[in-house]
Amino acid sequence: MEYKVKTQTGLPRKDGQVSKTKVNYGKIVSTGLLSLVLSLAFGVSGQFVYNFYRYDPFIVDGESMYPILNYDTKITYADGTTFEDPKNTWSKGDFNSTATYICDYCLMDTKKGFEKKIERFDIAITYYASDYDSDGKLKDTASLKVKRVIGLPGETIKFDVDGSLYIRGTGEIEYTYVDQYFLTYEYNKNDRPLVDESWYELARKETTNGKVITYTLLDDEYYLVGDNRRLGASLDSRSTLVGAIKESYLVGKAITKLSKCSYIPGQKPKVLFRDYILPWRLKEL
């Protein structure tokens with residue numbers, strides 16, 4: 001007697017043969033690719049939402065932190081002419097015309113207690129004393145600054161004539177040389193000139209051979225300097241107009257570059273999402 005049976009892949013039939021079904025490899029590959037794309041999309045979206053929930057954005061207005069920030073700024077002037085030369089952009093100064101700038105759009109940590117996490121060479125976002133009126137209120141003309149933390153509370157700072165940095169801690173006698181690793185190959189010694197002469201006029205300092213070369217910070221002060229060391233490129237703690245920065249002036253600690261933005265001074269910047277940095281490419285500043 002013969003029996004008719006339904007067969008499944010890999011199971012022997014009564015006649016001893018094996019039935020095979022065709023595998024749709026194209027469908028498997030397309031399904032896998034779709035799953036990967038969706039996973040990436042959700043991951044990027046999740047990181048994007050997290051970034052904006054956890055941190056606050058800021059734009060980099062000017063060239064005082066070149067080349068770490070605003071390395072590839074593009075400027076389009078009102079007459080339609082453009083300036084786009086990464087290796088020279090840093091000498092253009094702050095953004096003070098009605099031109100359109102393509103500049104860095106970054107994130108900063110402004111959550112309570114961020115000041116306690118600040119370490120040497122972090123990038124801080126701050127106001128200066130000149131941004132406040134006599135009553136301690138921010139002026140209408142106040143603007144945030146982006147600078148590198150060079151000196152911490154209680155330390156004594158010394159810049160040598162070639163821009164080398166030395167630090168002496170509270171109660172210490174000897175200075176320690178500190179490598180400024182962020183000053184990249186873009187510079188040479190001619191690009192890191194002598195400290196501005198006005199720096200020598202600051203208070204609370206010591207003299208060597210009749211010339212002031214140090215600055216001692218109080219327990220609530222930080223010493224902030226722009227990475228762009230060309231004379232006139234960064235108004236910072238080296239100048240008598242600024243000096244040390246009070247901890248209460250600090251607004252945030254820079255975390256990362258997020259994208260580029262289109263910026264016209266006095267107007268709200270427009271984020272360029274085509275330049276959004278994907279999560280796995282984000283690097284802390």
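Only a predicted model underlies this, so the values are computations on that prediction, with no experimental measurement involved.

Chemist: Mind showing me how you'd approach the layout of surface pockets here?
Modeler: Once rolled over the atoms, a probe with the size of a water molecule shows which space is left empty. Roughly 470 Å³ of internal volume is contained in the second largest pocket. Broken down by element, the residue count for the lining of the second largest pocket peaks at four residues, all from strand E15 (residues 250-263). Classifying every residue of the lining of the second largest pocket gives six nonpolar, three polar and eight charged.

Chemist: Got a minute to help me understand the confidence of the model for the protein chain in this structure?
Modeler: Parts of the model with low pLDDT should not have their predicted coordinates read in detail. Considering every residue of the protein chain, the mean pLDDT works out to 77; 66% of them sit at 70 or more. Taking the mean pLDDT of every element in the protein chain, the minimum, 50, falls on strand E11 (residues 211-212) and the maximum, 97, on strand E5 (residues 123-126). Scored below 50 in pLDDT, residues 1-13 shows 13 contacts in the model against residues more than four places distant or in partner chains. Across residues 199-204, where pLDDT falls below 50, the model places 27 contacts with residues more than four positions away in sequence or in other chains.

Chemist: Whenever I open this one, unusual backbone geometry confuses me. Can you help?
Modeler: Note: most peptide bonds trans; most residues except glycine with negative phi. Here tyrosine 66 and proline 67 are connected by a cis peptide whose omega angle stands at 5°. Locating proline 67 in the fold gives a position in the loop between strand E1 (56-59) and strand E2 (74-76). You will see that asparagine 70, though not glycine, has its phi angle at about 60°, which is positive. Within the fold, asparagine 70 resides in the loop between E1 and E2. Even without being a glycine, phenylalanine 121 presents a positive backbone phi close to 80°. Structurally, phenylalanine 121 can be placed in the loop between strand E4 (100-109) and E5. With a relative accessible area of 8%, phenylalanine 121 lands in the buried category.

Chemist: Can you help me understand the environment of threonine 100 in this one?
Modeler: Locating threonine 100 in the fold gives a position in strand E4. Taking C-alpha positions, threonine 100 is 5.6 Å from tyrosine 263, a pair spaced 163 residues apart along the chain. Ignoring sequence-local partners within four residues, the contact set of threonine 100 consists of Lys74, Ile75, Thr76, Ser262, Tyr263 and Ile264.

Chemist: Where do I start with the sheet that holds strand E7 (residues 156-159) in this structure?
Modeler: Hydrogen bonds along the backbone pair up the strands of a sheet, which may run parallel or antiparallel. Read from one edge of the open sheet, four strands run E9-E8-E7-E12, paired in antiparallel fashion. Either end of the sheet is taken by a strand with one partner, and the two such strands are strand E9 (176-178) and strand E12 (214-216). On average, each strand axis in the sheet is inclined to that of its neighbour by 30°, with strand direction left out of account. One ladder, built from three bridges, connects E7 with E12; its direction is antiparallel. Bridging across to E12, lysine 158 finds its partner in threonine 214.

Scoring rules and cut-offs
Residues numbered from 1 in each chain as written. Predicted model: local features only at pLDDT ≥ 70, side-chain atom pairs only at ≥ 80, totals over all residues. Heavy atoms only, no water. 1 Å grid on protein atoms, 1.4 Å probe; cavity = no way out; pocket = protein on both sides within 12 Å on 5 of 7 lines; lining within 4 Å. Points joined across faces, edges and corners; volume = space filled by probe spheres on them. Helix = DSSP H or I, 4+ residues; strand = E, 2+ residues; numbered from the N terminus. Nonpolar A, V, L, I, M, F, W, Y, C, P; charged D, E, K, R; others polar. pLDDT = per-residue confidence, 0-100. Contact = heavy atoms within 4.5 Å. Buried < 20%, exposed > 50% of the residue type's maximum accessible area, 1.4 Å probe, protein only. Pairing = 2+ DSSP bridges. Axes fitted to C-alpha atoms, helices over the stretch in contact; angles between N-to-C directions.

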